[in-house]
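# Inside the fold
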There are 2 protein chains.
Amino acid sequence: MASAGGSGGRPQRADARRNIAAILDAAVLCLAEDPDASLGDIAQAAGVGRVTLYGHFKSRADLVDAVLTRTMAEADEILDRVDTTGDPSAALTRLVEASWQIVHQFRAVHRAAGRELPAERLHGSHDRVRRRIQSIVERGRRSGTFRGDLPAKWLTTTVVGLMHAAAEESAAGRLAAGDAPRLISATVLAALTAPDESSGASSG
Amino acid sequence: MASAGGSGGRPQRADARRNIAAILDAAVLCLAEDPDASLGDIAQAAGVGRVTLYGHFKSRADLVDAVLTRTMAEADEILDRVDTTGDPSAALTRLVEASWQIVHQFRAVHRAAGRELPAERLHGSHDRVRRRIQSIVERGRRSGTFRGDLPAKWLTTTVVGLMHAAAEESAAGRLAAGDAPRLISATVLAALTAPDESSGASSG
């Protein structure tokens, strides 16, 4: 764990706090450009010496872990602002829009973390978005808005999975980031709605 | 590129071919257990010496590349057996079942390749499944089975993305692999069907 000047410890000096913030900012930018960015690249982008960087972060994994921690805090702020009450379809649409920002914006950090950190460390991060979506999915199933013939966990995976798929497409330049929330919501709402009994099914 | 005894070259000796096959088999198994498996681990599992392994594969990237090439050939065999004619929903269901096998079975290889090889190298692999799905999606749109209000490319991303999401869930022990094709198909068919005009939409 990176030093964070937590309770009980000696208070961090202001310049140390500033350096840590600059390093984390630079790391987010560098990793977005190149998930393999080195500590040297990041130190240079942050305008600090390598010795200073190593003074705060023992290793690349340590720095990526700290970036992930800050990213999760920012994600929580975005998610906490979403109104998840009312009609489940509308609530899910709002949550998808906010979650998309997170998935899209922090994709590079997650990618770097996926290479550097144990898989379990990333689950905590995915769970933030996932828990909230699952809660709306379950509410929508209880109210009959969403289908009850498939597990709530799978429907949640559907929503999260489509956001990640859209983020990949966007990063690869095959999908405009601005189009993604609309496409995700339109697809997800259709996927989560109970199958229409009246339509003549023709599958074999 | 690994040596493959191609046209124009000196024919490979039988024991060299056997060794390469054993190394590739071992690599698939080792990488499934640990995406970071070393060349030493793989040589040991293949029952060959490290010198023999290095004689065929200059580096870990070289070996992972060769594993990926063989995996793609196997994927083509599976996909070529799928009947993609007739009703688009039924054809998509059959293709999803076959593609799921590939995505699930070769997930570890792709994961290792994703860490070791350039991103472009993996796109060729994803494209095999993707191209076939997109072709059914487009046919289903022309026949009015699938929705025309969202881009065919996005609907294809939806199908592929859900398979990958299911593979992740299955690998994490949260989804039984045997349940996946049914869940994917049920979700995908609902997502790809044109929105029902008659249902009273209540989204804001």
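Residues numbered from 1 in each chain as written. Chains lettered and ligands numbered in written order. Predicted model: local features only at pLDDT ≥ 70, side-chain atom pairs only at ≥ 80, totals over all residues. Heavy atoms only, no water.

### Some details on the interface of chain A and chain B
Put simply, the rule reads: The criterion used for residue contact is that any of the two residues' heavy atoms lie within 4.5 Å. Two parts placed together each lose some accessible area under a 1.4 Å probe, and the buried area is that loss summed for both. What makes a salt bridge here is a side-chain nitrogen of Lys or Arg within 4 Å of a carboxyl oxygen of Asp or Glu, nothing more. As used in this structure description, the phrase polar contact means that two N or O atoms lie within 3.5 Å; if the pair is within protein, one of them must be able to donate a hydrogen and the other to accept it, and residues adjacent in sequence are counted only when both atoms belong to side chains. Secondary structure counts use DSSP, requiring at least four H or I residues in a row for a helix and at least two E residues in a row for a strand, with both numbered from the N terminus. Charged residues are taken to be Asp, Glu, Lys and Arg, nonpolar residues to be Ala, Val, Leu, Ile, Met, Phe, Trp, Tyr, Cys and Pro, and polar residues to be all remaining types, Gly included.
In this assembly, 31 residues from chain A lie in contact with 31 residues from chain B. Between chain A and chain B, roughly 2,600 Å² of surface is buried when both sides are summed, and carbon and sulfur atoms account for 63% of that area. The tally of links between chain A and chain B comes to two salt bridges. Between Glu169(B) and Arg130(A) there is a salt bridge; the shortest N-O distance is 3.9 Å. Between chain A and chain B we count eight residue pairs in polar contact (both at pLDDT 80 or more) in total. Only helix 6 (107–116), helix 7 (119–142), helix 8 (152–171) and helix 9 (180–192) of chain A provide two or more residues apiece to the side of chain A that touches chain B. With nine residues, helix 8 of chain A is the largest single contributor of residues to the side of chain A that touches chain B. Looking at the side of chain A that touches chain B residue by residue, the classes come out as 13 nonpolar, nine polar and nine charged.

### Overview of the packing of helix 1 (residues 14–33) of chain A against helix 2 (residues 39–46) of chain A
Residue and element names in this part refer to chain A. Condition: Here, axes are lines fitted to C-alpha atoms. For helices the fit covers the stretch in contact, and angles between N-to-C directions go from 0 to 180 degrees. Each angle gets one of four labels, with under 35 degrees taken as roughly parallel, over 145 as roughly antiparallel, 65 to 115 as roughly perpendicular, and the rest as oblique. Less than a right angle of anticlockwise turn of the near helix away from the far helix marks a crossing as left-handed, whereas a clockwise turn marks it as right-handed.
Interaxial distance between helix 1 and helix 2 falls to 8 Å at its minimum, and their mutual angle equals 120 degrees. Taken together, the axis directions place helix 1 and helix 2 in an arrangement best described as oblique. Of the two possible hands of crossing, helix 1 and helix 2 adopt the one that is right-handed. Contacts between helix 1 and helix 2 involve Ala-22, Ile-23, Ala-26, Ala-27 and Cys-30 on the former and, on the latter, Asp-41, Ile-42, Ala-45 and Ala-46.

### What about the relation of the copies chain A and chain B?
Relating the two copies of this chain is a rotation about some axis coupled with a shift parallel to it. Test applied: A least-squares superposition brings the copies together, and it is based on the C-alpha atoms of residues with pLDDT no lower than 70 in both.
For the pair chain A and chain B, the relating rotation is 180 degrees, the translation along its axis is 0.0 Å, and the fit reaches an RMSD of 0.0 Å. What we have between these two chains is a two-fold relation. Using C-alpha coordinates, one finds that chain A approaches the rotation axis most closely at Ala191(A), a distance of 2.1 Å. A shared binding surface is used by both copies, with 100% of the interface residues of chain A retained as interface residues in chain B.

### Concerning the UniProt feature "DNA-binding region" (unreviewed entry) in chain A
Which entries qualify depends on this criterion: UniProt positions are given in the numbering used here, feature names are shortened, and annotations may be inferred rather than shown by experiment.
UniProt feature "DNA-binding region" (unreviewed entry): in the numbering of this structure it lies at residues 38–57 of chain A. Secondary structure content for residues 38–57 of chain A is 75% helix and 0% strand, while the C-alpha to C-alpha distance between its ends is 13 Å.

### So, the packing of helix 4 (residues 60–80) of chain B against helix 7 (residues 119–142) of chain B
All names here are of chain B. Packing of helix 4 against helix 7 brings their axes to within 10 Å, and their N-to-C directions diverge by 5 degrees. With respect to their mutual orientation, helix 4 and helix 7 come out roughly parallel. Where helix 4 abuts helix 7, its residues Asp-65, Leu-68, Thr-69, Met-72, Asp-76, Leu-79 and Asp-80 lie against Arg-121, Leu-122, Gly-124, Ser-125, Arg-128, Val-129 and Arg-132. Looking at the contact of helix 4 with helix 7, its residues break down into five nonpolar, three polar and six charged.

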